[in-house]
Amino acid sequence: MFTASAQLNVTLICGPTDMRKAIDGLCNIVAYDLEKEPCSDHIFVFCGRARDKVKILQWASNGFWLHYKRLEKGHFQWPGIDDDQLSIQISPRQLNWLLDGLALNLQEAHPHLTYRYHDD
């Protein structure tokens, strides 16, 4: 299972992507359509038109990782699939929400709580 660490920069590609594309084709989208560097500390997340497939392109010091997930039932709550915006920045936590089937317009999954056992 793919998990995004809190240190990752996540770029979500808003429009539908041809899921037949492999690493080179996805790199071309990043380099020429988004005008970003594929060999960077960003991960780039793509979704197909039917919203049942996701590919994640990630550079790792000497080569690319291509993560792929296909849902057998249902679809991803993909933002901006019909918008003109090419990409958006999301947090790694939001990426995990998306991969778990949640929408990004949630304010928080659960509020962050800090408990103290002793009052100082």
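These figures come from a predicted structure and were not determined experimentally.

1. Notes on the pairing of strand 1 (residues 9–16)
Remember that side chains alternate between the two faces of the sheet whenever the strand is regular.
Then comes step 1: Counting buried residues in strand 1 gives 6 out of 8 residues, a clear majority hidden from the surface.
Then comes step 2: Looking at chain direction, strand 1 and strand 2 (residues 42–47) are connected through 5 bridges and run parallel. Of the residues in strand 2, the one forming a bridge with Pro16 is Cys47.
Then comes step 3: Considered for its hand, the β-α-β crossover made up of strand 1, helix 1 (residues 23–33) and strand 2 is right-handed.
Then comes step 4: Two elements, strand 1 and strand 5 (residues 87–90), share 4 bridges in a ladder whose sense is antiparallel. Opposite Thr11, over in strand 5, you have Gln89 as the bridge partner.

2. Description of the nonpolar core
Then comes step 1: Counting 16 residues, the largest nonpolar core has Leu12, Val45, Val54, Ile56, Trp78 and Leu95 as the members making the most contacts within it.
Then comes step 2: Elements with a contribution of two residues or more to this core: strand 1, strand 2, strand 3 (53–59) and helix 2 (92–99).
Then comes step 3: Ile13, Cys27, Ile29 and Leu57 belong to the second largest nonpolar core, which has 10 residues in total.

3. Re the state of the cysteines
Then comes step 1: For the coordinates displayed, the defined rule picks out 0 disulfides.
Then comes step 2: No disulfide involves Cys27; its nearest neighbouring cysteine sulfur is the one of Cys39, lying 6.3 Å away.
Then comes step 3: Its relative accessible area of 10% is what places Cys27 among the buried residues.
Then comes step 4: According to the relative accessible area criterion, Cys39 is partly exposed, its value standing at 38%.

4. A closer look at helix 2
The α-helix advances 3.6 residues per turn, and as a result positions three or four apart in sequence lie on the same side.
Then comes step 1: Within helix 2 the residues assigned to the buried category are Pro92, Leu95, Trp97, Leu98 and Leu99.
Then comes step 2: In this structure, the buried residues of helix 2 make contact with strand 1, strand 2, strand 3, strand 4 (64–70) and strand 5.
Then comes step 3: Trailing helix 2 by a residue or two, Gly101 shows a phi angle of about 95°, which is positive.

5. Describing the pattern of salt bridges
Then comes step 1: For the coordinates displayed, the defined rule picks out 3 salt bridges.
Then comes step 2: Among the salt bridges present, the one from Arg20 reaches Asp18, with a minimum N-O distance of 2.9 Å.
Then comes step 3: The exposed category is assigned to Arg20, whose relative accessible area is 74%.
Then comes step 4: Taking the shortest distance from any N to any O, the salt bridge between Asp52 and Lys53 comes out at 3.4 Å.
Then comes step 5: Here Asp52 falls in the buried class, since its relative accessible area comes to 19%.
Then comes step 6: Residue classification places Lys53 among the partly exposed residues on the basis of a relative accessible area of 24%.

6. With respect to helix 1
Then comes step 1: If you check which residues of helix 1 are buried, you get Leu26, Cys27, Ile29 and Val30. Across the axial projection of helix 1, the buried residues extend over an arc of 155°, all falling on one side. More than 90 degrees from the buried face of helix 1, the exposed residues found are Asp24 and Tyr32.
Then comes step 2: Packed against the buried residues of helix 1 are strand 2, strand 3 and strand 4.
Then comes step 3: Glu35 occupies a position one or two residues after helix 1 and carries a positive phi of about 55°.

The rules we used
Residues numbered from 1 in each chain as written. Predicted model: local features only at pLDDT ≥ 70, side-chain atom pairs only at ≥ 80, totals over all residues. Heavy atoms only, no water. Buried < 20%, exposed > 50% of the residue type's maximum accessible area, 1.4 Å probe, protein only. Helix = DSSP H or I, 4+ residues; strand = E, 2+ residues; numbered from the N terminus. Pairing = 2+ DSSP bridges. Right-handed = clockwise from strand over helix to strand, strands pointing away. Core = buried A, V, L, I, M, F, W, Y, C linked by side-chain atoms within 4.5 Å. Disulfide = S-S within 2.5 Å. Contact = heavy atoms within 4.5 Å. Salt bridge = Lys/Arg side-chain N within 4 Å of Asp/Glu carboxyl O. Arc of directions from axis to C-beta.

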